[in-house]
Amino acid sequence: KILKIKKLYLKMEGANPTNHKYARIAEVLCKDAIAHHQTTIWLDGSQTYVTAIKYFADKENLIIKVPRFKNESWKKKIFSELELVDMRSKNQNNRFEIMKAIAEENHEYLAVEGYTHKHIFLMTLEEITEEIIERLQKIDTIYTQSTLGYTLNSMYNVFLKEWIHNE
């Protein structure tokens, strides 16, 4: 009533194994690493992102390497000493370039939130919008969290395709 909305639907991703939409992305990224015959994933990003990838990487017996830069003690709670790579002496402003160089040199998979595999993010998040359209007859407004813009871009792509097909 406060929002003056007649019906409100929530799309909860809590049924995913890591309780976040990143579980869908993480599963595809791990499959992509395997398809490219890579057994090690260099991983960096938010806690929800790295937790999701760790979950699926563990299931697929993939090795995880996670840089620990200054002020990232939170990573010690998620990853083992074997998975953490101490980079506290390195310049954090170059973190992506540092990881990219190491991954390329060792022929390892690179999964850095906001920097790599944007097409997989978009494609996977489009599925969520397709599920919404499939379940609801009429949609007036969608509210979404938009950190890096992938969710918003994905939704726009799906709605544009629907509009093109006169749906």
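Structure's up top.
Residues numbered from 1 in each chain as written. Predicted model: local features only at pLDDT ≥ 70, side-chain atom pairs only at ≥ 80, totals over all residues. Heavy atoms only, no water.

Draft legend 1. Up close: the overall build of the protein chain. Along its length, the protein chain carries five helices and four strands. Along the protein chain, helices and strands appear, N-terminal first, in the series α-β-α-β-β-α-β-α-α. Counting only C-alpha atoms and orienting by the principal axes, one finds that the protein chain spans roughly 55 × 35 × 30 Å. Of all 167 residues assigned to the protein chain, the portion counted as buried reaches 40%. Intrachain contacts of the protein chain at a sequence separation of at least 6 include 59% that bridge at least 24 residues. Here the protein chain displays about 11,200 Å² of accessible surface, and carbon together with sulfur accounts for 52% of that area. (Helix = DSSP H or I, 4+ residues; strand = E, 2+ residues; numbered from the N terminus. Buried < 20%, exposed > 50% of the residue type's maximum accessible area, 1.4 Å probe, protein only. Contact = heavy atoms within 4.5 Å. Areas by Shrake-Rupley, 256 points an atom, 1.4 Å probe, with all protein chains shown as cover.)

Draft legend 2. Layout of the pattern of salt bridges. According to the stated counting rule, one finds ten salt bridges in the structure shown. Two residues, Asp44 and Lys75, come together in a salt bridge whose shortest N-O distance is 2.7 Å. Placement of the pair is Asp44 in strand β1 (residues 40–44) and Lys75 in the loop between β2 (63–68) and β3 (84–86), with a sequence separation of 31 residues. Like Lys75, Asp44 is buried. Notably, a salt bridge pairs Arg95 with Glu72, separated by 2.6 Å at the nearest N-O pair. (Salt bridge = Lys/Arg side-chain N within 4 Å of Asp/Glu carboxyl O.)

Draft legend 3. Local environment of the sheet that holds β2. Taken together, four strands build an open sheet; the order of strands is β3-β2-β1-β4 and the sheet is parallel. Bordering the open sheet on either side are β3 and β4 (109–112), each of which pairs with just one other strand. Adjacent strand axes in the sheet meet at a mean angle of 30° when their direction is disregarded. Seen against the sheet, helix α1 (residues 22–35) touches β1 and β4 and runs at an angle of roughly 160° to β4. (Pairing = 2+ DSSP bridges. Axes fitted to C-alpha atoms, helices over the stretch in contact; angles between N-to-C directions.)

Draft legend 4. Up close: the nonpolar core. Counting 31 residues, the largest nonpolar core has Leu29, Ile41, Leu43, Tyr49, Ile53, Ile64 and Phe79 as its most contacted members. At the level of secondary structure, the elements contributing two or more residues to this core comprise α1, β1, α2 (47–59), β2, β4, α4 (118–135) and α5 (150–164). Top element by residues in this core is α1. It accounts for seven residues. When neighbours within four sequence positions are excluded, Ile64 is seen to be in contact with Ile41, Leu43, Ile53, Lys54, Ala57, Phe79 and Glu83. Counting nine residues, the second-largest nonpolar core is a separate cluster that includes Phe96, Ile98, Ala103 and Leu110. (Core = buried A, V, L, I, M, F, W, Y, C linked by side-chain atoms within 4.5 Å.)

Draft legend 5. Region of interest: the side chain of Arg24. Considering the arrangement of structural elements, one finds Arg24 in helix α1. Side-chain polar atoms of Arg24 contact the side chain of Glu131, separated by 3.0 Å. (Polar contact = N/O pair within 3.5 Å; in protein donor to acceptor, adjacent residues only side chain to side chain.)

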